[in-house]
Each structure stands twice: as structure tokens, then as C-alpha cells.
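One letter stands for each residue in the lines below.
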Amino acid sequence: MDALAGQGSAGAWTDRRRRTDTPTAAGARMHRRCRDGSVILARESAARGQSVVLTPFHVAIQVRDIAEARRFYTEILGCSEGRSASDWVDFNMFGHQFVCHLNPALGRDGRIGSHFNPVDGQGVPVPHCGVVLEASVWAVLAARLKQHPVDWVIEPYTRFRDTPGEQSTLFIRDPSGNALEFKSFRDITGQLFAR
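Residue indices follow the written sequence of each chain, beginning from 1 at its first position. Predicted model: local features are reported for residues with pLDDT of at least 70 only, side-chain atom pairs are reported and counted for 80 or more only, and whole-chain, interface and lining totals are derived from all residues. No hydrogens and no water enter the side-chain calculation; it runs on all heavy atoms of the structure.

## Things to note about the nonpolar core
Residues belong to a common nonpolar core when they are buried Ala, Val, Leu, Ile, Met, Phe, Trp, Tyr or Cys residues joined through side-chain atoms within 4.5 Å. Buried, partly exposed and exposed residues are distinguished by accessible area as a fraction of the type maximum, computed with a 1.4 Å probe on protein chains only: under 20%, between the cut-offs, and over 50%, respectively. Grouped together as the largest cluster of nonpolar side chains are 28 residues, with contacts concentrated most on Tyr73, Leu77 and Phe182. Segments assigned H or I by DSSP are reported as helices when at least four residues long, segments assigned E as strands when at least two residues long, and all are numbered from the N terminus. Those elements that provide at least two residues to this core are β5 (58-63), α1 (66-76), β7 (88-93), β8 (96-102), β11 (128-133), α2 (135-146), β13 (167-173) and β14 (179-184). What makes two residues a contact is simply this: any of their non-hydrogen atoms within 4.5 Å. Among all residues touching Phe182, those that are not within four sequence positions of it are Leu77, Met93, Phe94, Val131, Leu133, Trp138, Leu141, Ser168, Thr169, Leu170 and Ile172.

## Here we look at the packing of aromatic side chains
Two rings from Phe, Tyr or Trp (for Trp, the six-membered ring) form a pair when their centres sit within 6.5 Å of each other. Planes less than 30 degrees apart are called stacked, planes more than 60 degrees apart edge-to-face, and all others tilted. According to the stated counting rule, one finds four aromatic pairs in the structure shown. Here the aromatic residues Phe72, Tyr73, Phe91 and Phe98 are joined through ring pairs into a cluster of three or more.

## As for the sheet that holds β11
Pairing between the strands of a sheet is mediated by backbone hydrogen bonds and can be parallel or antiparallel. A pair of strands is treated as paired once DSSP finds two or more bridges between them. The strand order across the open sheet formed by four strands is β11-β14-β13-β12, and the pairing between neighbours is mixed. Strand pairing shows two members of the sheet lacking a second neighbour, β11 and β12 (151-159), which therefore form its edges. Taken pair by pair, the neighbouring strands of this sheet meet at an average axis angle of 15 degrees, ignoring direction. Here β12 runs beside β13; their pairing, made up of six bridges, is antiparallel. Opposite Arg159, over in β13, you have Gln167 as the bridge partner. With axes taken as lines fitted to C-alpha atoms, and helix axes fitted only over the stretch in contact, angles between N-to-C directions fall between 0 and 180 degrees. Packed on one face of the sheet, α2 meets β11, β12, β13 and β14 and runs near 145 degrees to β12.

## Thoughts on the pairing of strand β9 (residues 115-119)
Here β9 runs beside strand β10 (residues 122-126); their pairing, made up of five bridges, is antiparallel. Paired with His115 across the strands is Val126, a residue of β10. Hairpin connection, β9 to β10: the antiparallel pair is bridged by two residues, and Asp120 has positive phi, about 50 degrees.

## A few points about the pattern of salt bridges
What counts as a salt bridge is simple: a side-chain nitrogen of Lys or Arg found within 4 Å of a carboxyl oxygen of Asp or Glu. A full pass over the atoms with the stated rule returns nine salt bridges. For the salt bridge of Arg159 with Glu181, the shortest nitrogen-to-oxygen distance reads 2.8 Å. With Arg159 in strand β12 and Glu181 in strand β14, this pair connects stretches of sequence that are 22 residues apart. Among the residues examined, Arg159 registers a relative accessible area of 5% and is labelled buried. With relative accessibility at 7%, the residue Glu181 sits in the buried group. Residues joined by salt bridges that share partners form a network here, namely Arg111, Asp151 and Arg173.

In C-alpha cells form, the structure reads like this:
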């Protein structure tokens, strides 16, 4: 099975659980690594005595052609396919449910438009969605994408160097023009929301 596709059930836990920093007034951050390379963050709130776990997201986008989307998300990105019907298909995107819905109004050559916002000297497409990955998984994905004819918006690079928000990132568009970002931090739990 492809290293980037989900193995077994989507987002299945490995036995590795680790505390990534010491408790603070806001609570301790922890993360669990899934077999597919995704990470689930948890925050234990010291003040409330509660634990909040970030669970897989569900996002649905529109596409111009289901067969074309199926090829892109399975063959190029390496997602495994879930349920489907004639006008939609869902994929396991690093443990998250990503659904493509047919929009016939886009037409055979239609594309979703984007606004571009300047970030670190690059034009970042808005809207976009994506996944934060462990560094090793991000590197494998970046190398995989470079082996295919991909519509690059921003090729792989590291932005915000030497700051708490330093991250490796890349932006691509699917055949229908939907913008996707995949990024990685050296310390996801410590850097994801760091200022």
C-alpha cells in the first residue's frame, strides 16, 4: 500500500503517545501520531480539567469531473478512496475526510477561481485547504508531487525562517483549480499557533 495513503482504518493510532512540553497555565499539549503520518493534537486544560482532542476534519469541494478528481487524489496525492456515488467521492487525506462533489456548472474545462494574498513574498491562493504533516511525511509528499505534472502555485520551500512560525510549505491546485496547501513544522504542537 502507498506510504501516503491511510493504512487500515483512517487515522488509526500508533502506540506512540508523548507529551511534547511541560504543563502550563493553559494546559499541556500532547500529540498522537497516526499510521498514515497524520498527527492528532490534544490539549489538556489545567484550568478546566478537560482534554480536547482535534479529530479528523471533513471538507467538501466542488470539481468539474469525478473521474479526473479520482485520478488526481489517488494517483498523484496518494489518497485512498472511501465511499462514492456518481456525483461525489470521498478520500482519506492523511486521516481526514476529503470529499469531491461534481458541479456540472463548471463545465468540462471550468476552474475554481482564487484570490491571492501576499504571505512571505508569495501569492497564497484563497480559499485553500490542506493538512499539517510531520516533516518526514511532508518531504515524501513533496518528492512525490515533483514526479508528476502538478499545477504548482508555490513550490516546496521553508518560510518564516528563524521565527516561531517557521514551516515548510507547498501549494498546488487540483485539475478543477481547488488550491491545496501541505505544510510541516519541526514541532507541530509547539509551533502551530506560536506567535
